[in-house]
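This is what each chain is made of:
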Amino acid sequence: MFAFTGFPAASMSLDDFYLRGEEQDRLAAKHSSNALLRYRGNAGSHDLPLLWSTMQSLRHSGSERGDESIVSIPRYDKSLRQGRGDRSDNSLWPKMKGPLQIVLFEGWMLGFKSVDECRRHELEMIHNGLPTVNEFLRDYAGLHFLFDAWVVLKVESPIVVYDWRLEAERNMRKAGKPSLSDAQVQDFIDRFMPAYQAYLPALYASGPERRENTTALMVAMDRSRRATSFEEVPPLLTSRLASI
């Protein structure tokens, strides 16, 4: 759409910044008793320095502050390592030429806000590995203040994620790519549910923490991914500023 209208744009996902497979294995080994960190997904399983540097390059590419106008955007291939995923080779990363007017960035846990240590017991009641994930989540907070606008997709229940991941894995299987079995998908998505339970209520209630005067739109979705309603989220009473 943006190419058709002549707007220079790039798109990327938080998933593209998952740790490399060997790094994820080391994270899992370090937290061997924490099932939430065994595979990619939760806070702590992303390469945040790579994410910040990519965002900085995209923001300043082609500007007076930019050193170069070509930016390589990481890509993650979920079919690698028998469906457990790994970062694609650098040679396969798309290259974008700046300056860019729009960067679309999506992520399943964007907008999740860590809870205070005094609520640790609540997290432990959901899952005993969640307090560690919550600590990692604190390192993601600065991202929320980089965005000029938000669209939050609201589902009636996160249970639909099981069906959506099954659909994606079965499509990979049909394409002849390695993928997770249905049982592996169940086990994999189970590791996302504690975060949804802990952080979605606040996100849906007040929207993401964000810069002052930043637009946020809440879009309700049904199981077929069709939008059923749109609502602008009221401005937050407090805000922070972040720069890169």
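Calculation rules
Residues numbered from 1 in each chain as written. Predicted model: local features only at pLDDT ≥ 70, side-chain atom pairs only at ≥ 80, totals over all residues. Heavy atoms only, no water. 1 Å grid on protein atoms, 1.4 Å probe; cavity = no way out; pocket = protein on both sides within 12 Å on 5 of 7 lines; lining within 4 Å. Points joined across faces, edges and corners; volume = space filled by probe spheres on them. Helix = DSSP H or I, 4+ residues; strand = E, 2+ residues; numbered from the N terminus. Nonpolar A, V, L, I, M, F, W, Y, C, P; charged D, E, K, R; others polar. Pairing = 2+ DSSP bridges. Axes fitted to C-alpha atoms, helices over the stretch in contact; angles between N-to-C directions. Contact = heavy atoms within 4.5 Å. Buried < 20%, exposed > 50% of the residue type's maximum accessible area, 1.4 Å probe, protein only.

A. Local environment of the layout of surface pockets. The volume enclosed by the largest pocket comes to roughly 1,800 Å³. Around the largest pocket sit 50 residues that line it, and F105, E106, G107, W108 and L110 are the ones nearest its centre. Elements represented by at least two residues in the lining of the largest pocket include exactly strand 1 (9–13), helix 3 (48–60), strand 3 (76–77), strand 6 (102–106), strand 7 (149–155), helix 6 (160–174), helix 7 (182–190) and helix 8 (193–206). For the lining of the largest pocket, the residue count by class is 36 nonpolar, four polar and 10 charged.

B. Seen up close, the sheet that holds strand 8 (residues 215–221). If you walk across this open sheet you meet the three strands as 7-8-9, and the pairing is mixed. In the strand order of this sheet, the two ends are held by strand 7 and strand 9 (227–232), each with one partner. Across the sheet, the mean angle from the axis of one strand to that of its neighbour is 20°, orientation sign disregarded. Here five bridges tie strand 8 to strand 9, and the two strands are oriented antiparallel to one another. For L217, the partnering residue across the bridge sits in strand 9 and is E232. Packed onto the sheet, helix 8 meets strand 7 and strand 8 and runs at close to 120° relative to strand 7.

C. A look at the environment of D190. Structurally, D190 can be placed in helix 7. Classification of D190 by relative accessible area gives partly exposed; the value is 34%. Along the sequence, D190 and L36 sit 154 residues apart, while their C-alpha atoms lie 8.7 Å from each other.

D. The pairing of strand 8, seen in detail. Across the seven residues that make up strand 8, a large majority, five, are buried. In this sheet, strand 8 lies alongside strand 7 in parallel orientation, the contact comprising seven bridges. What sits directly across from A149, in strand 8, is T215. Linkage of strand 8 to strand 9, two consecutive antiparallel strands, is achieved through a turn of five residues, within which R225 is found at a positive phi near 70°.

E. Highlighting unusual backbone geometry. Of note, the bond from G98 into P99 is cis; its omega dihedral lies within 30 degrees of zero at 5°. Its location among the elements puts P99 in the loop between strand 5 (95–97) and strand 6. Positive phi, normally seen in glycine, also occurs at R81, with a value near 55°. In this structure R81 comes out as partly exposed when scored by relative accessible area, which is 29%. A positive phi angle is found at N213, which is not glycine, with a value near 65°.

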